[in-house]
Amino acid sequence: MSELMPKVDGIAEVEIEKTTGPWRDAWRSFRKSKIAVAGMLIVLFFVLLAVLGPVLAPEGINDQSHTDRLQPPSSAHWMGTDDLGRDILSRVIHGARISLTVGFASVVLSVIVGSVLGIVAGYYGRWVDMIISRIFDIMLAFPSILLAIAIVAVLGPSLKNALIAIAIINVPNFGRLIRSKVLSIKEEEYITAAKAIGMKDARILFSHILPNSMAPVIVQGTLAIATAILEAAALGFLGLGATPPQPEWGKMLADSKDYLQSAPWTMIFPGLSIMLTVLGFNLMGDGLRDALDPKMKS
Amino acid sequence: MAENPLLKVEGLKKYFPIKKGPLGRVAGHVKAVDDVSFQVMEGETLGIVGESGCGKSTTGKLLMRLLSPTDGTIEFDGKDMTSLTNDEMRKVRRDIQMVFQDPYASLNPRHSIAKILEEPLIVHGIASRKERKEKVKEFLEVVGLSSYHAKRFPHQFSGGQRQRIGIARALMTNPKLIIADEPVSALDVSIQAQVLNLMQDLQKEFKLTYIFIAHDLSVVRHISDRVGVMYLGKLVEIADSEKLYEEPLHPYTQALLSAVPIPDPHYKNEQIIIQGDIPNPADPPSGCPFHTRCPFKMEICTKVTPSLDEKRSGHSVACHLYNDQAGNDIKQLEGSV
């Protein structure tokens, strides 16, 4: 405002040459939020557990010892033992792999299916949109966990089917998110410009519309991993997910409910793991939203 | 200026249906572009002016076939574009490019400048990877930027610079015709002149033909060889730039021109203020579309739509005032303005 001289356009401004892409900008602003970084560290910690689980765990998932049943935490068993004398720490560490796999895989599945449906609905509109959107509406009319239970009941209880069920119930969330994003982006002038250049639909969709609609999907995806882990735990708790002796955290909670008073550690540690993972993903998701949402102001 | 038309538009119409009710019953049509005909010679600049909502941008989109016309023909370089399939049309797009109004919205924020400029070449399969990179650098310099800008992203540029990038993108495929839809209206006045001068220089250098859509009469005067004035979806007057500005024939053009500010404090403002609003294009007035606001309205104007006829050499106007049957003297009209 204080400048009296008009700026002459076209003259290269004095600026340190730094290539800043939109993703790099987002990372820079993500890094500024301490809470988000904390969330990311928690997530990284559990990812490490999941990857290195078999190496780190002191015992196997089903090493029973009838002399060591329901032992409180000690130097031998840091998190105590359960009713079959299995080391809870080992089972929690192995459980990280199961929970994270279910979380990631189900969300990736639903993002892929949801993206395709959402893009088709949003870009082509008319009756295609009508059909796809009504299917989403119908699916969203069910309470999600009820729908998951119904799907698992049809497919048969197993971890894989729980994963599929969780993926299916999340599809409409992503589908609607992407559809609405595509609806707004396809009216942008750079899409008209792409058409004017003579670009084909497929290229417009995948090179212009998809990358520009990804930001909210990443945020929603991170948050959905947390819910997916919770849902997997819930299905496990109901006996519709992991089958024994798989050390799924929700299943561990269910198995220990009889010992809540006499041996609370059997419940506390798996529960704490679920809580921490979900918290980590939620904090990271919130940070990502702040970093990606206010689109590149500069 | 070669004397063969590069673009020939005949009876171009675009009606948008107005849908009502749950079943999408068509209740009427918005006549966004209603029977527009004109020609553009190779190497010239045709300006199209009119107030907002008169259909000038829709005309631009129709010429690009971004919208398909309801009726009429568009002949480009001897080919009828309205009958081409989408695939054939894609090939023609090499020769017709567009510069957009909003330089902030017309560049994909996630693509680097290099990628934005390269894309037309990739789409049309022109040049190898290395040649493309060279061409990107070359055209950045052509539009007055530097080759090191290629790595940057759109948000790192000012509006004027972005518009230069938009122009560079339009030039990448060596087009014959460039349709500029209000290319400077989003820019500061100081930068408008720079961009206009750039466009004029490029026209000479690359032998371009421009269709320049704008609402700013002084901008259009600066750049155009011929100017067409649109009102309510119709072309009401078209003439050589000088003739139109010296001696506007249509009452609407006269009113528009009188609204252009004159940089002279002693100039006595004799603005013709037209009454009322632009009529609803879904329900246009009968006869001449301008008769509801025209100070010279006659009986015939409400009944018969005047056709666009050449009344002077190179000066066509659609107005009953100049029709012999009406018996009006043109001199008399000039005296009153």
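Details of the structure are given in the entry above.
Residues numbered from 1 in each chain as written. Chains lettered and ligands numbered in written order. Predicted model: local features only at pLDDT ≥ 70, side-chain atom pairs only at ≥ 80, totals over all residues.

Draft legend 1. Main features of the overall build of chain A. Scanning chain A for helices and strands turns up ten helices and zero strands. For chain A, the N- to C-terminal ordering of α and β elements is α-α-α-α-α-α-α-α-α-α. Over its C-alpha trace chain A gives a radius of gyration of 24 Å, far above what one expects of a compact globule, namely 19 Å for 298 residues. In terms of overall dimensions, chain A has C-alpha extents of about 85 × 50 × 30 Å along its principal axes. The buried share of chain A, reckoned over its 298 residues, is 43%. (Helix = DSSP H or I, 4+ residues; strand = E, 2+ residues; numbered from the N terminus. Rg over C-alpha atoms; globule rule 2.2 N^0.38 Å. Buried ≥ 20, exposed ≤ 12 C-beta atoms within 10 Å, placed from the backbone.)

Draft legend 2. Inspection of the packing of helix α6 (residues 159–185) of chain A against helix α8 (residues 201–237) of chain A at higher detail. Residues and elements named next belong to chain A. Running from N to C, α6 and α8 cross one another at 155 degrees; their axes reach a closest spacing of 9 Å. By the angle between their directions, the pair α6 and α8 is classed as roughly antiparallel. α6 and α8 meet at a crossing whose hand is right-handed. Of the residues in α8, those touching α6 at Ala-162, Ile-166, Asn-170, Asn-173, Phe-174, Leu-177, Ile-178, Lys-181, Val-182 and Ile-185 are Ile-209, Asn-212, Ser-213, Pro-216, Val-217, Gln-220, Ala-224, Ala-228, Glu-231, Ala-232 and Leu-235. Residues belonging to the contact of α6 with α8 are distributed by class as follows: 14 nonpolar, five polar and two charged. (Axes fitted to C-alpha atoms, helices over the stretch in contact; angles between N-to-C directions. Parallel < 35°, antiparallel > 145°, perpendicular 65-115°, else oblique. Left-handed = near helix turned anticlockwise from the far one by under 90°. Contact = placed C-beta atoms within 7 Å. Nonpolar A, V, L, I, M, F, W, Y, C, P; charged D, E, K, R; others polar.)

Draft legend 3. Structural context of the sheet that holds strand β4 (residues 71–76) of chain B. Residues and elements named next belong to chain B. With respect to topology, four strands assemble into an open sheet ordered β2-β1-β4-β5, the strand pairing being antiparallel. This sheet does not close on itself; its edge strands, each paired only once, are β2 (25–41) and β5 (79–80). Relative to the sheet, helix α1 (residues 56–63) contacts β1 (5–20), β2 and β4, its axis offset from that of β2 by approximately 75 degrees. (Pairing = 2+ DSSP bridges.)

Draft legend 4. Local environment of the nonpolar core. Core analysis: the biggest nonpolar cluster contains 153 residues, and Ala-162, Ile-166 and Ile-229 of chain A together with Ile-211 of chain B have the highest contact counts within it. Examining the composition of this core, we find that 16 residues originate from one element, α8 of chain A, more than from any other. Apart from residues no more than four positions distant in its own chain, Ile-211 of chain B is found in contact with Val-40, Leu-46, Ile-48, Gly-60, Leu-63, Leu-177, Ile-179 and Ala-180 of chain B. (Core = buried A, V, L, I, M, F, W, Y, C linked by C-beta atoms within 7 Å.)

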